[in-house]
Amino acid sequence: MNNIRNFCIIAHIDHGKSTLADRLLEMTQTVTQREMKQQVLDNMDLEQERGITIKSHAIQMNYLQEGQKYTLNLIDTPGHVDFSYEVSRSIAACEGALLIIDSTQGIQAQTISNLYLALEHDLEIIPVMNKMDLPNAMPEVVEDQIIDLLGCEREDIIRASGKTGEGVGEILTRIVKDVPPPVGDPDAPLQCLIFDSVFNSFRGVIAYFKVTNGTIHTNDLVKFVATGKQYQADEIGVLKLKMNPRDELSAGDVGYIISGIKTAREVKVGDTITHVKNPCDKAIAGFEEVKPMVFAGIYPIDSDDYEDLRTAMEKLQLNDASLTFQPESSAALGFGFRCGFLGLLHMEIVQERLDREFDMNVITTVPNVSYHVHTKGGEILDVYNPSGMPEATLIEDIEEPFIRAQVISKSDFIGPIMTLCLEKRGILKKQDYLTADRVELTFDMPLGEIVFDFYDKLKSISKGYASFDYHITGYRSAKLIKLDILLNSEPVDALSTLIHFDNAYNFGRRICEKLKELIPRQQFDVAIQAAIGAKIIARETVKAVRKDVTAKCYGGDISRKRKLLEKQKKGKKRMKQVGNVEVPQKAFLAVLKLD
Ligand code: GDP
Ligand code: MG
């Protein structure tokens, strides 16, 4: 156990975590040159394309230093706020962390939020300044920021480059020297912390864990504490580039278990594995059920595809335990599913996977958060969908989720960022200068305002120089109302939103204007109205046009005529018939695109 080092790498997105991990694997010869392809750890297609690590992984390296053999377990963590609970569980499995900071960018919002998570778990922090090969590196400035943040010495900071390999040897030396070996009693009752799981179509769900106490053997009968389920450990082992089976793993080790588990939901990140006989007294602290925070309806464009969509969602859920869905129906869109996601990125990933892996053609409705509704009758309802909101007269109070948000930016942009955050009902809590020209702003804000168009706006007003991170702090009461949209007097449930009363008029007007742009002319006038209850607050009209595409053909060439008609039909495929009005897919997301 004294020769084991368990560590993770934490960084803001794009600061070079995956690239440095690759260099560590190369230098320790964990991966041969032939096996080495760019970013072996991000092995899901989508991750590689988007350059983000969606799921955390673990890999073991052997390292020889001064004649001593060491086992280094690198536990990779996802780099996005949507997955911060998973980050916290990976961190809980480690004793040390490499804190990577891009020397051209300096400290960013996720650098700080991930660092706090690591410090909460008493991890030894090794600061690494990356991308030193770039001509615009600002080592002194960034070092000052790091010293300020960590209270470390200038000499403690490793200067490195994932590109040239500079500093990688020093990183390995420091991991051995600075990161403490794991503690734990191999003879105590078994306690393993699950920090991740993956789905394998041949072997079922594979759970990754760290043994914090005790020893586990192949074929042991084990129990997962939170789910209460029992399994036989068919195979246990350590993770190299491939799985390497072992007969036993004990306190301090990081490994995997295969036990015939069929669905991802049975393996909960943060859960404790123990023995059925002689179990541990207590589960490992910090377990939480992850709850989806963002919801949206997903509907097949062609209603005949409903069953196929269900099958696709079920398959996605096999390896994505945080995705939830239940059938719902919409007067406008027919039969579909109300889906729950961890956040917006997670929602985009699911949409993209439905499209790529299952070839599903779907409409996604405007995302919303979940609300606690207190009725006059004294009930408390969880509402996941604006159209599921009870009548206004029956509501005593509505509560919405609130976040604590951190924005880090150049001080030049403070003004516009403040304006944006206040517009989004944010309350400024703190303003800290990290250096003379970089500032950290802390806001309390409703999550519901972030799910609209916050990221895009923040990016554009700061010219890309602002970073953002948040965590949920709880629910707060708010004056929210339901805003309905009517097309030719018919309410379109899929276009309803919940919105703060003070913004409703302005919002109603802008959404009608946007829909007017997005809904094509039809053979009759289309009235677009925004309403609060029975009261119309805004109106626009799409004027009728008689579009006869065959008119140009002079009745002559019949095959040309047919071709044109077919073309027109295809064009319609991406439209959804709502009442007598044809509505393009984009219109259902119009709220996200308001100027
Ligand atoms: P991650 O999001 O933290 O995992 O970052 P990646 O490892 O995916 O790197 C983000 C981008 O920066 C990629 O385009 C890398 O090729 C590039 N990159 C990473 N490390 C270095 C470095 O040391 N020098 C240079 N010049 N580019 C780097
Ligand atoms: Mg990465």
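Predicted model, so just to flag it, every value in this text is computed and none were measured. (Residues numbered from 1 in each chain as written. Chains lettered and ligands numbered in written order. Predicted model: local features only at pLDDT ≥ 70, side-chain atom pairs only at ≥ 80, totals over all residues. Heavy atoms only, no water.)

Novice: Summarise the overall build of the protein chain; cite the residues concerned and give the values.
Specialist: In terms of regular secondary structure, the protein chain is built from 13 helices and 34 strands. Overall, the protein chain is about 85 × 65 × 60 Å in size when its C-alpha atoms are taken along their principal axes. Scored against the burial criterion, the 595 residues of the protein chain give a buried share of 55%. If you take every contact in the protein chain between residues at least 6 apart in sequence, the share linking residues at least 24 apart comes to 68%. Counting only carbon and sulfur atoms, one obtains 49% of the accessible surface of the protein chain, whose full area is about 27200 Å². Charge centroids of the protein chain, computed over 71 positive and 85 negative side chains, lie 8 Å from each other. (Helix = DSSP H or I, 4+ residues; strand = E, 2+ residues; numbered from the N terminus. Buried < 20%, exposed > 50% of the residue type's maximum accessible area, 1.4 Å probe, protein only. Contact = heavy atoms within 4.5 Å. Areas by Shrake-Rupley, 256 points an atom, 1.4 Å probe, with all protein chains shown as cover. Lys, Arg positive; Asp, Glu negative; His and termini not counted. Charge placed at Lys NZ, Arg CZ, Asp CG, Glu CD.)

Novice: Account for the UniProt feature "binding site: GTP" (unreviewed entry) in the protein chain, naming residues and giving values.
Specialist: Mapped onto this numbering, the UniProt entry gives "binding site: GTP" (unreviewed entry) at Asp-14, His-15, Gly-16, Lys-17, Ser-18, Thr-19, Asn-130, Lys-131, Met-132 and Asp-133. Turning to its location among the elements, Ser-18 is positioned in helix α1 (residues 17-27). With relative accessibility at 13%, the residue Ser-18 sits in the buried group. Of note, Lys-131 is situated in the loop between β5 (124-130) and α5 (139-150). For Lys-131, the residues in contact, after removing those within four places along its chain, are Asp-14, His-15, Gly-16, Asp-102, Ser-103, Ala-137, Ala-160 and Ser-161. (UniProt positions renumbered as here; feature names shortened; annotations may be inferred.)

Novice: Could you give an account of the sheet that holds strand β10 (residues 221-224), with specific residues and numbers?
Specialist: The strand order across the open sheet built from 8 strands is β11-β10-β16-β7-β8-β15-β12-β13, with neighbouring strands paired in antiparallel fashion. Edge strands, defined here as strands with exactly one partner in the open sheet, are β11 (230-232) and β13 (243-246). Within this sheet the neighbouring strands show an average axis-to-axis angle of 40°, counted without direction. For strand β7 (residues 191-200) and strand β16 (residues 272-275), the ladder comprises 2 bridges, and the chain directions are antiparallel. Its bridge partner being in β16, Cys-192 is matched across the sheet by Ile-273. (Pairing = 2+ DSSP bridges. Axes fitted to C-alpha atoms, helices over the stretch in contact; angles between N-to-C directions.)

Novice: Can you break down the domain arrangement of the protein chain residue by residue, with the values?
Specialist: Partitioning the protein chain into structural domains gives domain 1 (4-178), domain 2 (191-275), domain 3 (294-365), domain 4 (372-477) and domain 5 (481-593). Taken together, the contact between domain 4 and domain 5 spans 9 residues of the former and 10 residues of the latter. When domain 4 packs against domain 5, the two sides together hide about 830 Å² of surface, and 66% of this comes from carbon and sulfur. The largest share of the area that domain 4 buries against domain 5 comes from Pro-386, Arg-425 and Phe-452, three residues that together contribute 56% of it. Remark: the boundary between domain 4 and domain 5 carries 0 salt bridges. For the side of domain 4 that touches domain 5, the class distribution of residues is 4 nonpolar, 1 polar and 4 charged. (Domains from an automatic or database assignment. Buried area = accessible area lost by both parts, 1.4 Å probe. Salt bridge = Lys/Arg side-chain N within 4 Å of Asp/Glu carboxyl O. Nonpolar A, V, L, I, M, F, W, Y, C, P; charged D, E, K, R; others polar.)

Novice: Please provide a residue-by-residue account of the pairing of strand β1 (residues 4-11), values included.
Specialist: Side chains on a regular strand alternate between the two faces of the sheet. With respect to burial, β1 is a largely interior element, 8 of its 8 residues being buried. Residues Ile-4, Asn-6, Cys-8 and Ile-10 point to one face of β1 and Arg-5, Phe-7, Ile-9 and Ala-11 to the other, with burial holding for every one of them. In terms of strand pairing, β1 meets strand β4 (residues 96-102) through 5 bridges, oriented parallel. Paired with Ile-10 across the two strands is Leu-99, which belongs to β4.

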